[in-house]
Amino acid sequence: MKAFHIVGPAPLCTNTFLLVTDAGHAVAIDPAADASLYEQALEQTGAKLTHILCTHGHYDHVGAVKQLREKWGCKVYLDPADAKGNSSLPMTESDSGYVDGGEIKVDELTFKTWHTPGHTPGSWVILCGDMFFTGDTLFHGSIGRTDLPGGSMMQMEESLQKLLELPVPDKARVLPGHEAFSTMADEKRHNYYLREFMEE
């Protein structure tokens with residue numbers, strides 16, 4: 001497997017990812033950067049884009065979805081709750097939602113998915129091996145905003161408690177939608193919002 005970290009445009013600089021399997025199938029996670037950047041990685045590896053996984057539907061996480069889907073005919077995963085067709089949540093449909101505690105298999109890769117509303121009603125986290133894609137649910141030392149339309153601090157707190165119960169190894173790399181990466185061990189040790197629930 002090859003992994004690419006592709007950063008979306010300033011000022012939000014969304015962290016996006018492209019994973020290429022040994023068989024040459026590619027999975028884009030939150031493709032928000034210019035579509036040409038994913039095309040370059042696909043050309044470099046000779047891969048075909050087969051899946052797009054969106055952690056949620058905000059505009060700064062889905063900017064390249066339409067163009068990539070039209071070219072590759074790939075399957076798009078997005079929670080229907082985030083397919084609103086407005087300025088914040090611009091997508092209107094997806095090919096599939098997720099299953100809480102479910103799995104999506106692409107060749108040798110297994111993506112485990114869990115529903116974590118709070119930032120948006122349709123927010124999810126995704127674990128693939130030791131890579132933990134947390135979207136705008138969990139950041140390095142912080143959490144996603146809950147004051148935007150559809151956000152809920154009560155749901156976020158429930159989702160954070162859920163994160164602590166998930167089978168995510170401490171060594172897993174936390175790859176959030178924005179800013180720096182860390183590990184699950186670091187977040188359990190230093191993230192105030194997680195520590196609050198660990199100490200209860």
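What counts, and at which threshold
Residues numbered from 1 in each chain as written. Predicted model: local features only at pLDDT ≥ 70, side-chain atom pairs only at ≥ 80, totals over all residues. Heavy atoms only, no water. Salt bridge = Lys/Arg side-chain N within 4 Å of Asp/Glu carboxyl O. Helix = DSSP H or I, 4+ residues; strand = E, 2+ residues; numbered from the N terminus. Buried < 20%, exposed > 50% of the residue type's maximum accessible area, 1.4 Å probe, protein only. Pairing = 2+ DSSP bridges. Axes fitted to C-alpha atoms, helices over the stretch in contact; angles between N-to-C directions. Contact = heavy atoms within 4.5 Å.

So, on to the pattern of salt bridges. By the definition in use, this model includes nine salt bridges. Between Arg173 and Asp130 there is a salt bridge whose closest N-O contact spans 3.3 Å. Of this pair, Arg173 sits in strand S12 (residues 173–176) while Asp130 is found in the loop between strand S8 (124–128) and strand S9 (131–135), placing the two residues 43 residues apart along the sequence. Given the relative accessible area of 38%, Arg173 is considered partly exposed. According to the relative accessible area criterion, Asp130 is partly exposed, its value standing at 33%. Close ionic contact of Arg145 with Asp147 constitutes a salt bridge, the shortest N to O distance being 2.9 Å.

Strand order in the open sheet made by the five strands is S1-S2-S3-S4-S5, with mixed pairing throughout. With one partner strand each, in any of the chains shown, strand S1 (2–7) and strand S5 (75–77) form the two edges of the open sheet. When strand polarity is set aside, the average angle formed by the axes of neighbouring strands in this sheet is 20°. Here S1 runs beside strand S2 (residues 15–20); their pairing, made up of six bridges, is antiparallel. In the sheet register, Ile6 faces S2, and the bridge partner there is Thr16. The sheet strands contacting helix H1 (residues 35–45) are S1, S2, strand S3 (25–29) and strand S4 (48–53), and the helix crosses S1 at an angle near 160°. This element, helix H2 (residues 65–72), spans S4 and S5 of the sheet and lies at about 140° to S4.

Function-wise, these values are silent; they only describe arrangement.
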